[in-house]
Amino acid sequence: MTGAAIRPSPRLPAPFFLAAPATLLFIGLILLPLALTAVLSFNVYDYSSGVQNRYTTANYLTVLQDPYYLAIFWRTLRLALLTTVITVLLGTPEAYILTRMGKPWRSIFLLVIIGPLLVSVVVRTFGWSMLLGHDGLVNHALAMLRLEPVQLLYTETAIVIALVHIMLPFMVIPVWTALQKLDPTVEAAALSLGASRFTALRRIVFPQATLGILSGSLIVFGLSASAFAIPGLLGGRRLKMAATVVYDEYLIELNWPLGAAIAIIVLLANLAIMLAYNRMVERQAKRRLG
Amino acid sequence: MQKNGLFALAFHSLIVLFVLAPLIVVCLVAFTPQNTLSLPWDGVSLRWFSAVFHHPDFVASFWNSARLALFSATISTTLAVPSALAITRYSFKGRDALNALFLSPLIIPHLVIGVAFLRLFSFIGATGSFGWLVAAHVMVIMPYALRLILAALNGMDLSAEMAARTLGAGEWTVFRRITFPMLLPGISGGWLLAFINSFDELTMSIFVTAPSTITLPVRMYMYASESIDPMMAAVSTLMIALTGITMIILDRLFGLDQLLVGKG
């Protein structure tokens, strides 16, 4: 991201004036609201009289001890992890296949794969609810094969299928970008020197893709763990994830401090995982550069 | 370049089917003449599309979203240009921190941003105000515009600017006559990406919209979680068509792979 040409600044602190409007906005409308929410998460909540002006850690203790919330956190982690693994297994080979395609097909299919990124999540989730529903296409196909219909909608399977669908472009894009830097003649050289297809993939293509896979998984995991529309529409009332339970606390239970505590936990977990991951990616990059 | 094997092509076909299946199903069901979600086996009807256009809530939400996206994309791009100039053209203390701050809405889950805005809005009594909703959208879509403009600035050839300066042009003239025109593709691409992201935003908006400012994705989410009839499929089809048209425009103008993937 950092600049190509950096000139010594002329007379006035020009960058200050250029960046000031956006900086003030970000302080006022990102940092300040986050701070207010962090404070809110320590407020006492009373069911009859609402948010109190006293402070407590009870909201965090409730969330971290109550089996109801723990089960939701556990499900969120599990499904986000599962989604990430499946997305790696599907997205990496697909990105590799895309790089090996000929001229018109490569850009056409790249568009097909990443284009849905621009279609609203609600639309795509609705599509899955029709495919997976009791009377949906998947069950019709099963019936045609004379198999028993399966309950898919309102299960974790449905959530993971739709999450993988939404997240696939976020994996294909970084892996594709990483593989672009791979000189195809290196792979050809390995093959002509007697390496098997598998060895060439393992020793040449896969190491090149690793950085892409790492940054892709980071994005996919973060977005899956805070996904809202998919568990909301495909999980039903029973299968909550972190985002849907925050929504419930805020807009149905009206217990804002508890909802704020969950939101802050989601934010901190996200940042912690991101930092740990960045460390890992940096180490990987250093090793690659020798 | 080696060819893909038969197995690879079969895998690829399955992935493409997986990616397109839900979108195709939505578009097919929208044309059903029936009252239930079903494929139009016996005849095609446009009744659900006409139902959408006669549904005052959907129509109002559509215009709301369009207005919101127009305002917030324009404001965020206007803010992103000087910020990107400051970050790429100057070296100052805290530059990396500033860059991180501006891109932070990409890292913070929209759920958390939504909750934070809800708190702020109730604090200052801004709930239900369209102007504040625009402000909230500006914050979450500005990183998309900023990233493209930063990339355009970093890839720009500086010799034209230097020539103008040597010939005596002032800072403002250089910007207006050289930098801005050269930056225009990046700016318009950033504006369009910001527009789409605002138009599609659900998770933050669901916390901060009031009945009078409900956006189309929020309306659709609420409609889909209460009742499921083919009207939802018709709205979705219209959204897909709209996105498709935008995609073709973006692709013609900039190359969509360039825009979404970055420099490959």
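Notes on the structure in this doc start here. (Residues numbered from 1 in each chain as written. Chains lettered and ligands numbered in written order. Predicted model: local features only at pLDDT ≥ 70, side-chain atom pairs only at ≥ 80, totals over all residues.)

## Remarks on the overall build of chain B
Okay, step 1: In terms of regular secondary structure, chain B is built from twelve helices and zero strands.
Okay, step 2: Starting at the N terminus and walking to the C terminus, you meet the elements of chain B as α-α-α-α-α-α-α-α-α-α-α-α.
Okay, step 3: Principal axes of the C-alpha set define a box for chain B whose edges measure 75 × 60 × 30 Å.
Okay, step 4: Within chain B, buried positions represent 45% of all 264 residues.
Okay, step 5: Restricting the contact set of chain B to residue pairs at least 6 apart, pairs at least 24 apart contribute 75%. (Helix = DSSP H or I, 4+ residues; strand = E, 2+ residues; numbered from the N terminus. Buried ≥ 20, exposed ≤ 12 C-beta atoms within 10 Å, placed from the backbone. Contact = placed C-beta atoms within 7 Å.)

## Quick word on the pairing of strand β2 (residues 50–55) of chain A
All names here are of chain A.
Okay, step 1: Sparse coverage of β2 is indicated by the burial of zero of its six residues.
Okay, step 2: Pairing between strand β1 (residues 43–46) and β2: three bridges, direction antiparallel. In the strand pairing of β2, N43 is matched with Y55.
Okay, step 3: Connecting β1 to the antiparallel partner β2 that follows it, the hairpin turn spans three residues. (Pairing = 2+ DSSP bridges.)

## What about the packing of helix α7 (residues 159–166) of chain B against helix α8 (residues 171–200) of chain B?
All names here are of chain B.
Okay, step 1: Running from amino to carboxyl end, α7 crosses α8 at an angle of 150°, the nearest separation of the two axes being 10 Å. Comparing their axes, α8 and α7 come out roughly antiparallel. Taken as a pair, α7 and α8 cross one another with a handedness that is right-handed. Between α7, through A160, E161, A164 and R165, and α8, the contact on the second element is made entirely by V174, R177, I178 and T179.
Okay, step 2: Residues of the contact of α7 with α8, tallied by class, amount to four nonpolar, one polar and three charged. (Axes fitted to C-alpha atoms, helices over the stretch in contact; angles between N-to-C directions. Parallel < 35°, antiparallel > 145°, perpendicular 65-115°, else oblique. Left-handed = near helix turned anticlockwise from the far one by under 90°. Nonpolar A, V, L, I, M, F, W, Y, C, P; charged D, E, K, R; others polar.)

## Some words on the nonpolar core
Side chains that are nonpolar tend, in soluble globular proteins, to be buried together.
Okay, step 1: Membership of the largest hydrophobic core comes to 159 residues, with the highest contact counts inside it found for A:L163, A:V246, A:A263, B:V26, B:V115, B:F117 and B:A145.
Okay, step 2: When residues of this core are assigned to their parent elements, the largest contribution, 18 residues, is made by helix α7 (residues 156–180) of chain A.
Okay, step 3: Dropping the residues within four chain positions of it, B:V26 is found in contact with A:V123, A:F126, A:G127, A:M130, B:A233, B:S236, B:T237 and B:I240. (Core = buried A, V, L, I, M, F, W, Y, C linked by C-beta atoms within 7 Å.)

## Observations regarding the interface of chain A and chain B
Okay, step 1: Taken residue by residue, the interface counts 76 residues in chain A and 75 residues in chain B.
Okay, step 2: Of the residues forming the side of chain A that touches chain B, the biggest block, 17 residues, is contributed by helix α1 (residues 14–40) of chain A.
Okay, step 3: For the side of chain A that touches chain B, a count of residues per class yields 57 nonpolar, 15 polar and four charged.

## So, unusual backbone geometry
Residue and element names in this part refer to chain A.
Okay, step 1: At Y154, a position not held by glycine, the phi torsion is positive, near 65°.
Okay, step 2: As for its placement among the helices and strands, Y154 is situated in the loop between α6 (137–144) and α7.
Okay, step 3: By the C-beta count within 10 Å, which is 19 here, Y154 ends up partly exposed.
Okay, step 4: With phi around 60°, L254 is a residue other than glycine that occupies positive phi space.
Okay, step 5: The residue L254 is located in the loop between α11 (242–251) and α12 (256–289) in this model.
Okay, step 6: A tally of 14 C-beta atoms within 10 Å means that L254 is categorised as partly exposed.

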